[in-house]
Amino acid sequence: MVIDELDALRDKYEGCAALAFADLSTKMILVTDSGSNLRREALDALCAEAALLLGANGKPALADKPGDLASVASIAQLRVFLRAQSEPNDVLCCICGPKMDADAFVADACACLDRISSG
């Protein structure tokens, strides 16, 4: 089911390159979309970036409190990190193209994460 949810989100957005569902309490990627070809090292780095930007285990790394949404943009890509509302250690790590409709993507990605995290 998790892979199906990730695949559906990735298929909906042409600029979406990879999606990964992670557990920040263990700092591990649990599942990626079926089309992802990221190597383990890249997945580990993505999860570490999520932990740094969002905070892990209730402890912020860069702010006064843990965040629910973070993004890193460059000319080549947009990385988006989202925390589940019902389970604070569940996060979705997304690698997207720079021209994607970020607002629409984030709304759909939040809904996807909530379904994955609560199911």
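Everything that follows concerns the structure shown earlier in this document.
Below is a summary of the structure that appears in this document. The structure displayed is predicted, hence computed values, not measured ones.

Some thoughts on the pattern of salt bridges
Here is step 1: Across all of its chains, the model carries 7 salt bridges by this definition.
Here is step 2: A salt bridge links arginine 115 to glutamate 5; the shortest N-O distance between them is 2.9 Å. Linking arginine 115 in helix H3 (residues 102–118) with glutamate 5 in helix H1 (residues 2–12), this pair joins segments that are 110 residues apart in sequence.
Here is step 3: Ionic pairing is found between arginine 79 and glutamate 49, a salt bridge with its closest N-O pair at 2.8 Å. One end of the pair, arginine 79, is in strand E4 (residues 78–83); the other, glutamate 49, is in helix H2 (residues 40–54), and 30 residues separate them in sequence.

Comments concerning the packing of aromatic side chains
Here is step 1: Tallied over the full model, the rule gives 1 aromatic pair.
Here is step 2: Taking 5.2 Å as the distance between ring centres and 90° as the angle between the ring planes, the aromatic pair formed by tyrosine 13 and phenylalanine 105 counts as edge-to-face. Residue tyrosine 13 is found in the loop between H1 and strand E1 (16–23), and its partner phenylalanine 105 is found in helix H3; the two are separated by 92 residues along the sequence.

Considerations on H1
Here is step 1: Here H1 has its buried residues at Glu5, Leu6, Asp7 and Leu9.
Here is step 2: Buried residues along H1 sit in contact with E1, strand E2 (28–32), strand E5 (90–96) and H3.

So, how was this worked out
- Residues numbered from 1 in each chain as written.
- Predicted model: local features only at pLDDT ≥ 70, side-chain atom pairs only at ≥ 80, totals over all residues.
- Heavy atoms only, no water.
- Salt bridge = Lys/Arg side-chain N within 4 Å of Asp/Glu carboxyl O.
- Helix = DSSP H or I, 4+ residues; strand = E, 2+ residues; numbered from the N terminus.
- Phe/Tyr/Trp six-rings, centres within 6.5 Å; stacked < 30°, edge-to-face > 60°.
- Buried < 20%, exposed > 50% of the residue type's maximum accessible area, 1.4 Å probe, protein only.
- Contact = heavy atoms within 4.5 Å.

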